[in-house]
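# Structural overview for review
Single-letter residue listing:
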Amino acid sequence: MIETNNLIIEEEAYYKPLHYIDTPFERATFGMGCFWGIDSLFGATQGVLRTRVGYTAGTTSNPVYKDMGDHTEVIEIHYDPKRISYAQLLELFWNNHEYGLCTRIKRQYASLIIYHTDEQKRIAEESLLSEKESRLPEVVTTEIHPCDIFYPAEDYHQKYRLQSHKELSKSLGMDSRLLQTSHIAARLNGYLVGVGGVAQFDKEVGNLGLTEDQQEYVRKFVEENEGGGLFC
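This report concerns the structure included in the present document.

## Details of the state of the cysteines
Taken as a whole and judged by the stated rule, the model has one disulfide. Between the sulfur of Cys34 and that of Cys232 lies a disulfide, 2.1 Å long from S to S. Its S-S torsion of about -105 degrees marks the bond between Cys34 and Cys232 as left-handed, since a negative value means left-handed. With Cys34 in the loop between strand S1 (26-32) and helix H2 (35-43) and Cys232 in the segment after helix H10 (212-225), this pair connects stretches of sequence that are 198 residues apart. Residue Cys34 is classed as buried on the basis of its relative accessible area, which comes to 10%. Free cysteine: Cys102, not disulfide-bonded; nearest cysteine sulfur from Cys232 at 18 Å.

## Side note on the pairing of strand S5 (residues 143-146)
Here is the key point about a regular strand: its side chains alternate between the two faces of the sheet. One ladder, built from four bridges, connects strand S4 (residues 111-115) with S5; its direction is parallel. Among the inter-strand pairings, Ile113 is bridged to a residue of S5, identified as Ile144. Regarding topology, helix H4 (residues 118-134) serves as the crossover connection from S4 to the parallel S5, and that connection is right-handed.

## Overview of the environment of Tyr20
In this structure, Tyr20 sits in the loop between helix H1 (4-14) and S1. Sequence separation between Tyr20 and Ser182 is 162 residues; the distance between their C-alpha atoms is 5.9 Å.

## What to know about helix H8 (residues 183-191)
Of all nine residues making up H8, nine are buried, and the element is well covered by its neighbours. Listed in full, the buried residues belonging to H8 are His183, Ile184, Ala185, Ala186, Arg187, Leu188, Asn189, Gly190 and Tyr191. For H8, the N-terminal cap is Ser182; the gap from its side-chain oxygen to the backbone nitrogen of Ile184 is 3.4 Å.

## Thoughts on helix H9 (residues 197-204)
All of the buried residues in H9 are Gly197, Val198, Gln200, Phe201 and Glu204. An end-on view of H9 places all buried positions within 165 degrees of arc, on one side of the element. Set apart from the buried face of H9 by more than 90 degrees, the exposed residues are Ala199 and Lys203. Buried residues belonging to H9 abut H8 and H10.

## Section: the side chain of Gln180
With respect to the secondary-structure elements, Gln180 resides in helix H7 (residues 178-181). Within the local environment of Gln180, its side chain forms a polar contact with the side chain of Arg52, the two groups lying 3.2 Å apart. What Gln180 contacts, discounting residues up to four positions off in sequence, is Thr51, Arg52, Pro152, Gln158 and Lys159.

## Considerations on the environment of Leu49
Position of Leu49 among the secondary structure elements: in strand S2 (residues 48-56). Overall, Leu49 belongs to the buried group, its relative accessible area being 2%. Ignoring sequence-local partners within four residues, the contact set of Leu49 consists of Ile21, Thr23, Pro24, Phe25, His78, Tyr79, Asp80 and His183.

## Focus: the nonpolar core
Formed by 31 residues in total, the largest nonpolar core has its most connected members in Phe30, Phe42 and Tyr86. Where this core is concerned, the elements lending two or more residues are S1, H2, S2, strand S3 (72-79), helix H3 (86-95) and H4. Ranked by size, the runner-up nonpolar core spans 21 residues in total, among them Ala44, Ile184, Leu192 and Phe221.

Conventions and cut-offs
Residues numbered from 1 in each chain as written. Predicted model: local features only at pLDDT ≥ 70, side-chain atom pairs only at ≥ 80, totals over all residues. Heavy atoms only, no water. Disulfide = S-S within 2.5 Å. Helix = DSSP H or I, 4+ residues; strand = E, 2+ residues; numbered from the N terminus. Buried < 20%, exposed > 50% of the residue type's maximum accessible area, 1.4 Å probe, protein only. Pairing = 2+ DSSP bridges. Right-handed = clockwise from strand over helix to strand, strands pointing away. Polar contact = N/O pair within 3.5 Å; in protein donor to acceptor, adjacent residues only side chain to side chain. Arc of directions from axis to C-beta. Contact = heavy atoms within 4.5 Å. Core = buried A, V, L, I, M, F, W, Y, C linked by side-chain atoms within 4.5 Å.

Structure (structure tokens):
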């Protein structure tokens with residue numbers, strides 16, 4: 001016979017959400033229009049460890065959503081270069097703009113590549129030239145800039161799709177810090193809108209520290225939304 005208190009302790013120890021993952025990483029930063037959809041896209045991409053959204057590439061001090069000045073909405077990605085390359089991230093960048101790639105719109109939603117190393121700059125510039133040629137007669141508006149100050153967006157923008165599932169977010173202990181740093185938050189923010197699909201979710205879910213109820217809840221949404229488009 002198992003005592004109830006012991007069972008609770010064992011379950012709590014076993015089902016511990018995987019917020020922190022100690023893997024060497026590199027950064028990538030992209031502007032692709034509204035940042036809610038791309039936060040989901042990259043969050044559930046294999047090899048991505050963490051994501052956060054914010055503002056950069058402008059001159060205005062301390063931008064906020066309602067007063068961004070000349071900054072652009074961007075996503076900052078921490079990725080494992082042993083599992084996904086910068087060139088592969090760029091493929092997702094080129095093919096998943098909601099708007100703005102070939103139509104110049106307001107600065108907030110500009111198509112933007114922020115490089116963090118000389119190697120990223122080289123790869124990005126070569127990739128941009130290739131895209132310009134392949135998309136003719138359309139005109140690619142993408143700009144490439146060196147990294148600058150990254151201003152994290154307000155909490156309600158971080159992991160926007162996950163936060164719409166209030167009870168799940170609460171059960172994961174999400175707070176202001178974890179919304180920007182949690183591995184499982186990034187993964188679920190994508191899975192809940194179908195990114196990655198059921199097969200990938202089933203392969204990974206056992207390592208995420210979710211309870212059986214949480215797994216069942218998330219899987220239902222992955223199944224319902226797989227193959228759907230991303231939107232803001």
